[in-house]
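# Structural overview
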Amino acid sequence: RTITFPDADITLGASGDNTPAWQMSVNGNQMSMTSQTTYTVNFDTVDFDTDSGCNTTDKTYTVPAGDGGKYMVGVWLWAGQNKGAGNYIDGRLRLREDPAPGAENILVNWTSDWDTNPIFMNALGGARILTLSAGDILYCDIAIHVNAGGNYGIIQDQDGCNVFYGYKLIGI
């Protein structure tokens, strides 16, 4: 909608609505991860998805046809271990892309070094502006390195912190 002021040469205009937009989350703990093994994050719940790009079977988001462009994409996870189970050293969370032609790209790589302190949970994640094409497939994987036994992995959603989300930017 455009609004024109009659007494000035000022016209305000707006169009677009930041779609496609989506958010997926983790429903429950994923605590049976082997040290130094990479796992695709099990984003098994769709919180919202304006253009049907989420796939909970493959744990992915696919950019819909005709919707390439600049996107704000983010992911946050609580990773850790059962309290008192041992110490873990570091965690790595990656946002990955399978472009339509098939080659895999690491778009973002977050690493947290936790030393050998008995920290039981840590947040990994962030957000980036990415240039995506229709058909690009986004997903996240995680690896945790520990120096003692116990169960470790993704801790059940802590106040909405286990999320994978994005939306198309308008005007750029």
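Above this text sits the structure in question.
Residues numbered from 1 in each chain as written. Predicted model: local features only at pLDDT ≥ 70, side-chain atom pairs only at ≥ 80, totals over all residues. Heavy atoms only, no water.

One finds Trp22, Phe43, Val73, Ile142 and Phe164 to be the most contacted residues of the largest nonpolar core, which totals 24 residues. Contributions of two or more residues to this core are made by strand 3 (21-25), strand 8 (69-81), strand 9 (88-98), strand 11 (121-132) and strand 12 (137-146). Top contributing element to this core by residue count: strand 8, with five residues. In this structure, Val73 is in contact with Trp22, Leu95, Gly126, Ala127, Arg128, Leu130, Leu132, Leu138, Phe164, Tyr165 and Gly166, ignoring residues within four places of it in sequence. (Core = buried A, V, L, I, M, F, W, Y, C linked by side-chain atoms within 4.5 Å. Buried < 20%, exposed > 50% of the residue type's maximum accessible area, 1.4 Å probe, protein only. Helix = DSSP H or I, 4+ residues; strand = E, 2+ residues; numbered from the N terminus. Contact = heavy atoms within 4.5 Å.)

With that out of the way, let us pick up the packing of aromatic side chains. Between two aromatic rings, the relevant description is the distance of the centres plus the angle of the planes. Evaluated as defined, the whole model comprises four aromatic pairs. Consider the rings of Trp22 and Phe164, whose centres lie 5.9 Å apart with planes at 80 degrees: the pair is edge-to-face. Taken together, the residues Trp22 in strand 3 and Phe164 in strand 14 (residues 163-168) connect sequence positions 142 residues apart. Accessibility assignment for this pair places Trp22 and Phe164 in one class, buried. (Phe/Tyr/Trp six-rings, centres within 6.5 Å; stacked < 30°, edge-to-face > 60°.)

Residue Pro20 is reached from Thr19 by a cis peptide bond, and omega for that bond is 5 degrees. For Pro20, the position within the fold is in the loop between strand 2 (11-13) and strand 3. Located in the positive-phi region is Ser52, a residue other than glycine, with phi close to 60 degrees. Tracing the chain through its elements places Ser52 in the loop between strand 5 (45-49) and strand 6 (54-55). Using a relative accessible area of 67% as the deciding quantity, one classes Ser52 as exposed. Unlike most non-glycine residues, Lys59 shows phi in positive territory, near 60 degrees. Within the fold, Lys59 resides in the loop between strand 6 and strand 7 (60-62).

Regular strands show a simple pattern: their side chains alternate between the two faces of the sheet. When you tally the buried positions in strand 14, you get five out of six residues, the bulk of the element. Where strand 3 and strand 14 come together, five bridges link them in antiparallel fashion. Note on strand 14: the bridge partner recorded for Ser25 is Val163. (Pairing = 2+ DSSP bridges.)

On their own, these measurements won't tell you what the molecule is for.
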